[in-house]
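Chains, contacts and geometry: an overview
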Amino acid sequence: MSDSKQISIYDVITKKREVTKKADTKLIMKAYNFANEKHKDQKRSSGEPYIVHPINVAYILAEMGMDDETICSALLHDIVEDTDVEQKDIEDIFGTEISEMVAGVTKLSTIQFATVEEKQVENYRRMFLAMGKDIRVILIKLADRLHNMRTLKYISKERQVANSKETIELYAPLANRLGLYSIKAELEDLSFKYLYPTEYYELVEGINKKKEERLKFIDKIMKDISEKLKKQRVDADVTGRAKHLYSIYKKMKRDNCTLDQIYDLFALRIIVNSVKDCYSALGVVHEMYNPMPGRFKDYIAVPKPNMYQSIHTTLLGENGTPFEVQIRTWDMHKIAEFGIAAHWAYKEANFLGRGKKNVVVTEDKLAWLRETLEWQQEMQDPEQFLETLKTELFEDEVYVFTPRGAIKVLPKDATPIDFAYSIHAEIGNHMTGAKINSKIMPIITKLNNGDIVEIITSENSKGPSMDWLKFVKSTSAKTKINSWFKKEKKAENIEKGKELIEKEVKRLGIPYEKLFKTEYINAMLNRYKYNDLDEMYLAVGFGGNTATKVIARMLIEYRKENQEENIEEKLEELSKRRSQKKPKASSNGIIVKGIDNCLVKLSKCCNPLPGDEIIGYITKGRGVSVHRKDCVNVNDLLKEENRIIDVKWETEDKAQYNVVIEIFANDRIGLLADVVKVISNTKVNIIGVNTKTDKNRIATIDITMETKNLEELNTIIKAIRKVDSVYEVKRKKV
C-alpha cells in the first residue's frame, strides 16, 4: 500500500473551512460521491483506490484557499478521461463553470495527430487556452501534478524519469511564473530526486552532517534580530527556513563549488504588519550586519509580474558568513506562498455572490500569459512551440522604465528592440535608434534593472532587420518582427510554400488531385487553424510550418478512404524526414544556424567547451570563430552586429577540447604527484604542466588537458579541490 498521506473528503472540507471560513459541503459531497461511484473499480499503481488521487488534489487546492467550484472540479478532473462519463454529463449535473474547468484539465484523446509529440504539445496549447479563460484550470493541473509526483515511486523507472523531466522543464517554471513558490520548490525537489538520485542523496547527507551547526548559527541571528526589532517597537515574526535542495544543487553547478562553499543554505524571513514596518526592519538589520554589495532587491517598490513582493538583502554574520533576509507583510507572505491563487482567493472572498467569479486574464499582472496566448496562435510547429514555451517560462526579468516613469518588465538580457515592441508593434517597426539613461546607445545593448529607455523612431524607416531576431529576447518581439516580414513578403512566401508542397507530394508518388480533395484539405486547415490554402502556403513558405506536417495531416484523412498498403509507410517516412532534418555539426561539435559544411574554429582566447554559452563571429575568409559569451573579446565583436551568427553545441560528445586549469595550494612534498594522480584517475589526457612557488610557499599549478565537455571539467575540478593543501581551483582565462 502507498505511504502517501491518507486524506478523506472530510479533511478536504475541514481544510477548506479552516482557510476560507466557509465551504459548500452539499456541492463538494455531490462531486465526491459522483467521482467515487465512477472510479469505484479503478486502482492506482500503488494499489490504492483511484479516488485517493482526486481527494488529495482537492486537499492541495483547499490548502491554497480555492473556492468550492475548483474543489469540485479537482474531484472530477479525471472522470471524462478515465470513465464512461461525457463532458455534457458534467455540465448537466454540475453546471457550465465546473464543466469548463474539467474540460480544460482533460487531455485530448479523440483527435488523430501525425506524431506523439504533436499530440503532447496540443495538450499544452489547449491547457494554456483554458488557462486564459479561467486561471483556476492551471491551479488544478499543478495540484494534480504535485500529488502524482509525491507518489511517483509506484511507477516504472522510465516513466519516473519522463514525468520528472516534464515537471522540471514545464510545470515547476509555470508554478514559479504564477508565484506558487511552495509548490514550485516541492515539484523541483521531487523531480531532482528521480532525475539525479546520486547527487540528491549526496546533498541530503551533506546537509544533515552540519545541520546542527547551521541551525545554531541561524538561531542566534534570529534571536538577536527579534530582540532588536522589539526594542525598536516593530511587531515582527522572525523565522528561519532551509533553501530547497534543487536550488542549492543549481547554485553548486552554476558557481562550480562544493556544499561546504555555500554558506547561505538558510534564509531568514521577517514578516511584519505594514509596508512602513518592512523598511523599518530593513534599517534595523542593516544596522546590525554589513550588507553584501549588489545583493539587495526591493520587490516591494517594483513587484514581480506574478505579484511577488518582498525585500531581499544578503548580510554578513560573524566570521563573514553570509545569510539572506527576506522582509514582507503578512498579505505579501500569502501571495509569496500561493501567488495567483492567494490573489484569486482574496478577490473571491470579497466579491462572493456578485456574478461569475472567474479570474480572467485581463490584468497587467498576467500580461506574460496574454502574450503567450498571442504567440501560441502563430506557431503550428509543435517543437518550436514547446521550445518557446519553456524559454518563456524560464526567463528571468529585467525592470526598465519609460521616460515618463512607467515600468516595463522584459526578459533578462533584453535590448531596446524588445522594449520598443513591448510598447507597440509600430514603434518597433519604425525604430531607428535608442537612448539609455539619456545617452544614445546601440539598439542591441543589453538592458539593466533601472535603465530609462527612450526609443527614436522615423516615418522613413524601412522596417525591422532580420538580424534583429538574433538579439531580441522576448517572444512578443520575435513574433511581431516575423509578422512584419510575413506581410511584406506575402506573395513571395505563398509561391515558395506551393513549390515546397508540390515537391513533397511528387516525392511521395501520390497524384496531387487524389490527395488534395476538399474534405482532406478542410481537415488539415482546421487542424492548423488556417482560413484557406493561401494562408497555409504562406506559413510553409515563411517557415511557420513544414510541408511534411501539412501533408501528413492530409494523409491521415486519405488513409480513411484508401486501403493502399504503403500509406502507413509513407506516414512513417514523413515522420522520419522531419526528425532527420537536423543541421550538420562541424568536426569540433559546433552547429552553425542555417549553414552546413562551414569552416568553424574554436577561439584560443577563451577555449570554449561543450556546456559553455557561446556566440559565433563570421571572420573574413577564415569561416566562423566561436567564443565563450564571457570572453574578454566579445564586447568588441558585438560592435559588428552583422557578423554575429547563432551557434550551438551538438549534443553528442565526439571531440576532445584543450582547457587550462589553475590550481592554488599551500606548497608541500608530493603535492604535484597527488594532483596528477587525481586527474589521471578520471582518464583525462594531460598535455602540459607548469608550476611555480612564491616566497610565501603558495604553489600555483597550471595544467593543460583534454576534456569532452564542461560537465567532465567540473567533475575534475571538484576532485582536485579535495586534494590536501589545495584551496582554490578554477578554469584559466587564457
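Please refer to the structure placed before this passage.
Just so we're clear, the structure is a prediction, and the values are computed from it rather than from any experiment. (Residues numbered from 1 in each chain as written. Predicted model: local features only at pLDDT ≥ 70, side-chain atom pairs only at ≥ 80, totals over all residues. Heavy atoms only, no water.)

The helix and strand tally for the protein chain stands at 31 helices and 20 strands. Within the protein chain, buried positions represent 50% of all 734 residues. For the protein chain, long-range pairs separated by at least 24 residues make up 66% of all intrachain contacts whose partners lie at least 6 apart in sequence. Of the roughly 37,300 Å² of accessible surface on the protein chain, a fraction of 49% belongs to carbon and sulfur atoms. (Helix = DSSP H or I, 4+ residues; strand = E, 2+ residues; numbered from the N terminus. Buried < 20%, exposed > 50% of the residue type's maximum accessible area, 1.4 Å probe, protein only. Contact = heavy atoms within 4.5 Å. Areas by Shrake-Rupley, 256 points an atom, 1.4 Å probe, with all protein chains shown as cover.)

Moving on, we get to the sheet that holds strand S19 (residues 698–707). Spatially, S18-S19-S17-S20 is the arrangement adopted by the 4 strands of the open sheet, whose pairing is antiparallel. Pairing within the sheet leaves two strands with one partner each, and these edge strands are strand S18 (686–693) and strand S20 (726–731). Ignoring strand direction, the axes of neighbouring strands in this sheet form an average angle of 15°. Against the sheet, helix H30 (residues 671–681) contacts strand S17 (657–666), S18, S19 and S20, and its axis sits at roughly 20° relative to S19. Sheet strands touched by helix H31 (residues 710–721): S17, S19 and S20. Its angle to S20, the strand with the most contacts, is close to 165°. (Pairing = 2+ DSSP bridges. Axes fitted to C-alpha atoms, helices over the stretch in contact; angles between N-to-C directions.)

A word on the sheet that holds strand S9 (residues 439–441). In spatial order, the strands read S9-S8-S10; together these 3 strands make up an open sheet with antiparallel pairing. Of all strands in the sheet, those bounded by a partner on one side alone are S9 and strand S10 (453–457). Pairwise comparison of adjacent strand axes, ignoring direction, gives a mean angle of 35° for this sheet. Alignment of strand S8 (residues 431–436) against S9, held across 3 bridges, turns out to be antiparallel. When the bridges of S9 are listed, isoleucine 436 appears paired with lysine 439.

Now for the packing of helix H1 (residues 9–20) against helix H3 (residues 52–63). Where H1 meets H3, the closest approach of the two axes is 8 Å, and the angle between their N-to-C directions is 10°. In terms of orientation, H1 lies roughly parallel with respect to H3. Contact residues: Ile9, Asp11, Val12, Lys15, Lys16 and Val19 in H1; Ile55, Ala58, Tyr59, Ala62 and Glu63 in H3. Residues of the contact of H1 with H3, tallied by class, amount to 7 nonpolar, no polar and 4 charged. (Parallel < 35°, antiparallel > 145°, perpendicular 65-115°, else oblique. Nonpolar A, V, L, I, M, F, W, Y, C, P; charged D, E, K, R; others polar.)

A full pass over the atoms with the stated rule returns 20 salt bridges. The partner of lysine 16 in a salt bridge is aspartate 68, with the nearest N and O atoms 3.8 Å apart. Of the two residues, lysine 16 sits in helix H1 while aspartate 68 sits in helix H4 (residues 68–76), which places them 52 residues apart along the sequence. Across this residue pair, the class does not change: lysine 16 and aspartate 68 are buried. We note a salt bridge from glutamate 728 to arginine 721, for which the minimum N-O separation is 3.5 Å. For glutamate 728, a relative accessible area of 28% translates into the label partly exposed. A cluster of three or more residues bridged by salt bridges with shared partners is formed by Asp67, Glu97 and Arg136. (Salt bridge = Lys/Arg side-chain N within 4 Å of Asp/Glu carboxyl O.)

On to the packing of aromatic side chains. For the coordinates displayed, the defined rule picks out 13 aromatic pairs. Taking 5.2 Å as the distance between ring centres and 90° as the angle between the ring planes, the aromatic pair formed by tyrosine 289 and phenylalanine 323 counts as edge-to-face. Separated by 34 residues along the polypeptide, tyrosine 289 in the loop between helix H15 (275–288) and strand S3 (290–298) and phenylalanine 323 in strand S5 (residues 322–329) bring together distant segments of the chain. A relative accessible area of 11% places tyrosine 289 in the buried class. One aromatic cluster in this structure is built from Phe192, Tyr196, Tyr200, Tyr201, Tyr246 and Tyr249. Of note, lysine 30 hangs over the ring of phenylalanine 94, and the distance from its end group to the ring centre comes to 5.3 Å. (Phe/Tyr/Trp six-rings, centres within 6.5 Å; stacked < 30°, edge-to-face > 60°. Lys NZ or Arg CZ within 6 Å of the ring centre and 35° of its normal.)

Further remarks concern a negative patch on the surface. Together, Glu199, Glu202, Glu205 and Glu711 make up a negatively charged patch on the protein surface. Per-element accounting of the negative patch gives the leading share, 3 residues, to helix H12 (residues 197–209). If you trace the backbone, glutamate 199 turns up in helix H12. For glutamate 199, a relative accessible area of 33% corresponds to the partly exposed category. (Patch = residues over 30% accessible without salt bridge, like charges linked within 9 Å, V, L, I, M, F, W, Y side chains within 5 Å. Lys, Arg positive; Asp, Glu negative; His and termini not counted. Charge placed at Lys NZ, Arg CZ, Asp CG, Glu CD.)

What follows concerns the packing of helix H11 (residues 181–195) against helix H14 (residues 245–255). Running from N to C, H11 and H14 point in directions that differ by 65°, and their axes come no closer than 7 Å. On the basis of their axis angle, the class for H11 and H14 is roughly perpendicular. Here Glu188, Asp189 and Phe192 of H11 come into contact with H14, specifically with Leu245, Tyr246, Tyr249 and Lys250. Partitioning the contact of H11 with H14 into residue classes produces 4 nonpolar, no polar and 3 charged.

Fair warning: the whole summary comes from geometry, so function is off the table for now.
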